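Remarks on the overall topology
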Amino acid sequence: MVTTTAQINYEVKDLELATQGTQRIEWAAREMPVLRQIRQRFSKERPLAGIRIAACCHITTETANLAITLKAGGADSLLIASNPLSTQDDVAAALVRDHGIPVFALRGEDTATYLKHVNIALDHRPQVIVDDGSDVVATLIKQRSGQISELIGTTEETTTGIVRLKAMLAAGVLTFPAVAVNDAETKHFFDNRYGTGQSTLDGIIRATNILLAGKNIVVAGYGWCGKGTAQRARGMGANVIVTEINPVAAIEAVMDGFRVMPMTEAAKIGDIFITVTGNKHVIRREHFVTMKDGAIVCNSGHFDIEIDLVALSELSSEKRSVRPFTQEYVLEGKSIIVLGEGRLINLAAAEGHPASVMDMSFANQALAVEYLVKNKGKLTPAIYNIPVEIDREIARLKLEAMAIYIDELTPEQIHYMGSWDEGTE
Ligand code: ADE
């Protein structure tokens, strides 16, 4: 139920959780020095004064630090959850009670509630949408196109969302600028690779408490998230198998030292399966039937479509919960374990990417919002990359915060890099 305090509407589980939420938000902030610097500048310059923002994100301690930064810049923001299982109820409460930011997010919310929240986000009449998966933007286009003229632009956090934005652009329905935050180097090199890599294994371990060493772990997809997951699984002593549909990515996986094979083969030998492809039904009926007894299946891609759970249910005589986030499907002669209902396991069973990588991702988000606002009316409808100077500056600030310093080009080297006539003499 939507509740109103003296100032704001919100829908969170329990405001009493706010004290714990604030403590955890402050803990994450310690690992977010780049965002902290942006917040300090935003407080002075107020570049987002009065700008209405609707943000659809995982409601985590890291997102809370982004929301606080946008507010410091003067924005009038409203937050909704981008996934029903990723919301941290204490964080949602803290944002409402301690920061006066309207949040509509309940851990475990059903699809109807999620869609209601998407509409509440659009009722806020956003001038900027900060999206994670492009559901708010898609709803705006499909159902509330009369509001598009009010929009300055949108930013998108994920690979999945950018794929959707490209499809919108190709279909001629993206009529406003969109910034592909995911494509910044300081985003996907770190968040997708090291963030997903670590937090996915964290989610599997928290859900199951199983030993990874010696297990056959099948990683479906060798994009940045897959690379990070495969690398970290190997680091834990697993025998990692990669499945791919892209021949270039497959060669890369081979040369990185992983076994590569089709899912039909991997299905027979895997102990743990992790999907990170962004596509649907990557693990399906034909795979479930050949899996070993006790095989564990989970997903770390954006949507809960990568594992065909309908087919698994049809094959099963029974389904029961055996631990939090852990369900056993009983099939003829064996069982298959599904973690986190096939939703992002790193956010369902663990806390998502650690703050240190989200620091750079959300620095990109904050600066992308500022960029859209600064360039209001000047950007044609298209998908924009984060300007390279911003990307570099985020990396520079991160290194500085880590007290790591690097070399600079000498004047001679600058000249050489800009010349063509010095080759073999
Ligand atoms: N996506 C992955 N990890 C996240 C986190 N910790 N906060 C927000 N979004 C995320």
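Residues numbered from 1 in each chain as written. Predicted model: local features only at pLDDT ≥ 70, side-chain atom pairs only at ≥ 80, totals over all residues. Heavy atoms only, no water.

**Description of the overall build of the protein chain**
A count of helices and strands for the protein chain gives 17 helices and 17 strands. Relative to the compact-globule value of 22 Å for 425 residues, the protein chain shows a C-alpha radius of gyration of 22 Å, a close match. Along the first, second and third principal axes, the C-alpha set of the protein chain runs to 75 × 65 × 45 Å. Taking all 425 residues of the protein chain together, 56% fall into the buried category. Across the protein chain, contacts joining residues at least 24 apart in sequence account for 72% of those joining residues at least 6 apart. When the accessible surface of the protein chain is summed, it comes to about 19000 Å², and 53% of that surface belongs to carbon and sulfur atoms. Charge-centre separation for the protein chain: the mean point of 42 positive side chains lies 3 Å from the mean point of 52 negative side chains. (Helix = DSSP H or I, 4+ residues; strand = E, 2+ residues; numbered from the N terminus. Rg over C-alpha atoms; globule rule 2.2 N^0.38 Å. Buried < 20%, exposed > 50% of the residue type's maximum accessible area, 1.4 Å probe, protein only. Contact = heavy atoms within 4.5 Å. Areas by Shrake-Rupley, 256 points an atom, 1.4 Å probe, with all protein chains shown as cover. Lys, Arg positive; Asp, Glu negative; His and termini not counted. Charge placed at Lys NZ, Arg CZ, Asp CG, Glu CD.)

**Structural notes on the packing of helix H5 (residues 111-123) against helix H6 (residues 135-143)**
At a minimum axis separation of 10 Å, H5 and H6 run at an interaxial angle of 75°. Compared by their axis directions, H5 and H6 come out roughly perpendicular. In this structure, H5 uses Tyr114, Val118, Asn119 and Leu122 to contact H6, whose residues at the interface are Asp135, Val136, Thr139, Leu140 and Gln143. (Axes fitted to C-alpha atoms, helices over the stretch in contact; angles between N-to-C directions. Parallel < 35°, antiparallel > 145°, perpendicular 65-115°, else oblique.)

**Comments concerning the domain arrangement of the protein chain**
A common measure of how large an interface is: the accessible area buried when the components associate. The assigned domain composition of the protein chain is domain 1 (3-187 + 353-401) and domain 2 (194-348). Averaged C-alpha coordinates put domain 1 and domain 2 at centres separated by 29 Å. On the side of domain 2, 16 residues touch domain 1, which itself brings 16 residues to the contact. With both chains or domains summed, domain 1 and domain 2 bury close to 1200 Å², and 64% of this area falls on carbon and sulfur atoms. (Domains from an automatic or database assignment. Buried area = accessible area lost by both parts, 1.4 Å probe.)

**A word on the pairing of strand S9 (residues 216-220)**
Within S9, five of the five residues are buried, which leaves the element mostly enclosed by the surrounding structure. Of the two faces of S9, the one holding Asn216, Val218 and Ala220 and the one holding Ile217 and Val219 are both buried throughout. The pairing of S9 with strand S10 (residues 239-243) spans five bridges and is classified as parallel. Bridging across to S10, valine 218 finds its partner in isoleucine 241. The handedness of the S9 to S10 crossover, carried by helix H9 (residues 224-235), is right-handed. (Pairing = 2+ DSSP bridges. Right-handed = clockwise from strand over helix to strand, strands pointing away.)

**Topic: the nonpolar core**
If you look at the biggest cluster of nonpolar residues, it comprises 59 residues, and the most contacted ones within it are Leu48, Ile53, Leu79, Leu95, Val103, Val128 and Val369. When residues in this core are grouped by element, the largest group, eleven residues, is from helix H15 (residues 355-374). Sequence-distant contacts of valine 103, defined by excluding residues within four places in its chain, comprise Asn9, Tyr10, Glu11, Val12, Leu79, Ala92, Leu95 and Val96. Counting 25 residues, the second-largest nonpolar core is a separate cluster that includes Ala238, Val240, Phe258 and Leu339. (Core = buried A, V, L, I, M, F, W, Y, C linked by side-chain atoms within 4.5 Å.)

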